[in-house]
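Observations on chain architecture
Now for the letters of each chain:
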Amino acid sequence: MSPTLLWSRDLVAAGTALFQRALDGLDDASFADPTALAGWTRAHVVAHVAANAEALVNLATWARTDVETPMYASPEQRGADIEKGALLAPARLRGWFSDSAAALDTALGALDGAGWTRLVRTAQGRTVPATEVPWMRTREVMVHAVDLDGGVGFDDLPTEFLLEVLHDVAAKRSRSADGPAVVLVSTDPTDSADGTPRSTAWPVAGAGEAVHVRGPLAQLAAYATGREHTGLTSDRGAVPVLPPWL
Ligand code: ZN
């Protein structure tokens, strides 16, 4: 998982800034436009990301107090809150995003060493140490910044995020193994800025003989997370269709 806490909290801040940049690129009238996410307008995406910050504040509170505080009351409640939130005026949604992101930052800042190691439960039912909360948030703000379609694309996401999300998604997909077997192969330069070699291939377990899918890191991450992608090639002709990521 994430190399250090500092590293992952920096990524949260970078992702929050990118989501903010995408939001700033949108005028209020476009909040009602559909996104690539089935049934969701941009307003739904903003409401979901704001509600996610509040849900993760619950986990931070759980970690700080050792009193069980679930992310959401129930999956139904989570869905209902997004539907209700999507009806808010754009100015309210913008404010909700900023306020909830700031509240999460404060809640994470209040954790001490014992708090960070405490075990909490995610909405998917996984038990994880609180140190995973910043990564959970990073994934949300980074990928949904692209979903907003407000001028931020996968190419704008930091390389360290792309590498980590490929690692994360390949592991998750391999555990469920409910799609075709693929190997995601990066065609980007293999050395990082400081000269250390970085990962270049991510195998995903699944059905059949593995198909190699090659392309730039950013496009591999778009493909792996089930988003629109471009410029990928495969040794089998068409790039295999993957089942939903989450
Ligand atoms: Zn999400």
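So, how was this worked out
- Residue numbers restart at each chain and count upward from 1, following the sequence in its written direction.
- It should be noted that, the model being predicted, local features are given only for residues of pLDDT at least 70 and side-chain atom pairs only at 80 or more, the latter also being counted only at that level, while totals for whole chains, interfaces and linings use all residues.
- Note that water and hydrogens are dropped before the side-chain values are worked out from all heavy atoms of the structure.
- Working definition: helices are DSSP H or I runs of at least four residues, strands are E runs of at least two. Numbering for both runs from the N terminus.
- In this treatment the radius of gyration is a C-alpha quantity, and the globule benchmark scales as 2.2 Å times the residue count to the 0.38 power.
- Relative accessibility under 20% of the residue-type maximum defines a buried residue, over 50% an exposed one, and the middle range a partly exposed one, all with a 1.4 Å probe and only protein chains included.
- Only nitrogen, oxygen and sulfur atoms within 2.8 Å of the metal, or 3.2 Å for Na, K and Ca, are treated as donors, and water is left out, so sites may look incomplete.
- In this text, buried Ala, Val, Leu, Ile, Met, Phe, Trp, Tyr and Cys residues form a nonpolar core when linked through side-chain atoms within 4.5 Å.
- Domain ranges listed in this record stem from an automatic or a database domain assignment.
- Helix span, expected: 1.5 Å multiplied by one less than the number of residues in the helix.
- For this analysis, residues touch if any pair of their heavy atoms sits within 4.5 Å.
- For two strands to be treated as a pair, DSSP must find at least two bridges joining them.
- Note on definitions: buried area is the accessible-area loss of two parts on being combined, 1.4 Å probe, summed for both.
- Aromatic rings from Phe, Tyr and Trp, taking only the six-membered ring of Trp, are treated as a pair when their centres fall within 6.5 Å; an angle between ring planes under 30 degrees marks them as stacked, one over 60 as edge-to-face, and anything in between as tilted.

Summing up its helical and strand segments, the protein has eight helices and six strands in all. Along the protein, from the amino end to the carboxyl end, the secondary structure elements read α-α-α-α-α-β-β-α-α-β-β-β-α-β. Against the 2.2 N^0.38 benchmark of 18 Å for 246 residues, the protein shows a C-alpha radius of gyration of 18 Å, consistent with a compact globule. Overall size of the protein, expressed as C-alpha extent along the three principal axes, is 50 × 45 × 35 Å. Per-residue burial for the protein yields a buried fraction of 48% across its 246 residues.

For the zinc ion, every protein donor is listed as His 48 (NE2), Glu 140 (OE) and His 144 (NE2), and the spread of their distances is 2.1 to 2.2 Å. Binding-site remark: the zinc ion is held by donors from one chain whose sequence spacing is H-x91-E-x3-H. One end of the pair, His 48, is in helix 2 (residues 42–65); the other, His 144, is in helix 6 (residues 133–147), with 96 residues separating them in the sequence. The class of His 48 is buried, set by a relative accessible area of 5%.

The next point concerns the nonpolar core. Counting 55 residues, the largest nonpolar core has Phe 19, Phe 154, Leu 157, Phe 161 and Leu 184 as its most contacted members. Counting contributing residues, this core receives three or more from each of domain 1 (5–152) and domain 2 (159–234). Among the nonpolar cores identified, the runner-up in size contains 20 residues, and Ala 53, Ala 60, Leu 104 and Trp 116 belong to it.

For the rest of this paragraph, the subject is helix 7 (residues 159–176). Between its first and last C-alpha, helix 7 extends 26 Å over 18 residues, near the 26 Å set by a 1.5 Å rise per residue. Taken together, the buried positions of helix 7 are Phe 161, Leu 162, Leu 163, Glu 164, Val 165, Leu 166, Asp 168, Val 169, Ala 170 and Arg 173. Those residues of helix 7 that are buried lie in contact with helix 1 (5–24), helix 6, strand 3 (180–186), strand 4 (201–204) and helix 8 (217–224). In the segment just after helix 7, Ala 177 is the residue with positive phi, at about 45°.

Every other side chain in a regular strand lies on the same face of the sheet, so the side chains alternate between the two faces. Burial along strand 4 is one-sided: Trp 202 and Val 204 are buried, and none of Ala 201 and Pro 203, which face the opposite way, are. Note: strand 3 against strand 4, four bridges, orientation antiparallel. By the bridge assignment, Val 183 is partnered in strand 4 with Pro 203.

The backbone phi angle of Asp 66 is positive, close to 65°, even though this residue is not glycine. Its identity as a non-glycine residue notwithstanding, Ala 177 has a phi of 45°, on the positive side. By the element assignment, Ala 177 lies in the loop between helix 7 and strand 3.

Considered domain by domain, the protein is made up of domain 1 (5–152) and domain 2 (159–234). Domain 1 and domain 2 are separated by 24 Å when their C-alpha centres are compared. Every contact between the two is made by 10 residues of domain 1 and, on the other side, six residues of domain 2. Surface buried jointly by domain 1 and domain 2 totals about 830 Å² across both partners, of which 68% is contributed by carbon and sulfur atoms.

Let's shift gears to the packing of aromatic side chains. Aromatic rings considered in pairs are described by the distance between their centres and by the relative angle of their planes. Scanning all chains against the criterion turns up two aromatic pairs. A ring pair is formed by Phe 19 and Phe 97, whose centres lie 4.6 Å apart and whose planes are at 40°; its orientation type is tilted. Taken together, the residues Phe 19 in helix 1 and Phe 97 in helix 4 (residues 90–109) connect sequence positions 78 residues apart. Centroid distance Trp 135 to Phe 161: 5.6 Å. Interplanar angle 40°. Geometry classified as tilted. Taken as a pair, Trp 135 in helix 6 and Phe 161 in helix 7 lie far apart in primary sequence, 26 residues in all.

Turning our attention to the environment of Leu 37. Within the secondary structure, Leu 37 is located in the loop between helix 1 and helix 2. Overall, the relative accessible area of 18% leaves Leu 37 in the buried class. When the C-alpha atoms of Leu 37 and Glu 209 are compared, they prove to be 30 Å apart, with 172 residues separating the residues in sequence. Excluding residues that lie within four positions of it along the chain, Leu 37 makes contacts with Val 45, His 144, Asp 147 and Arg 227.

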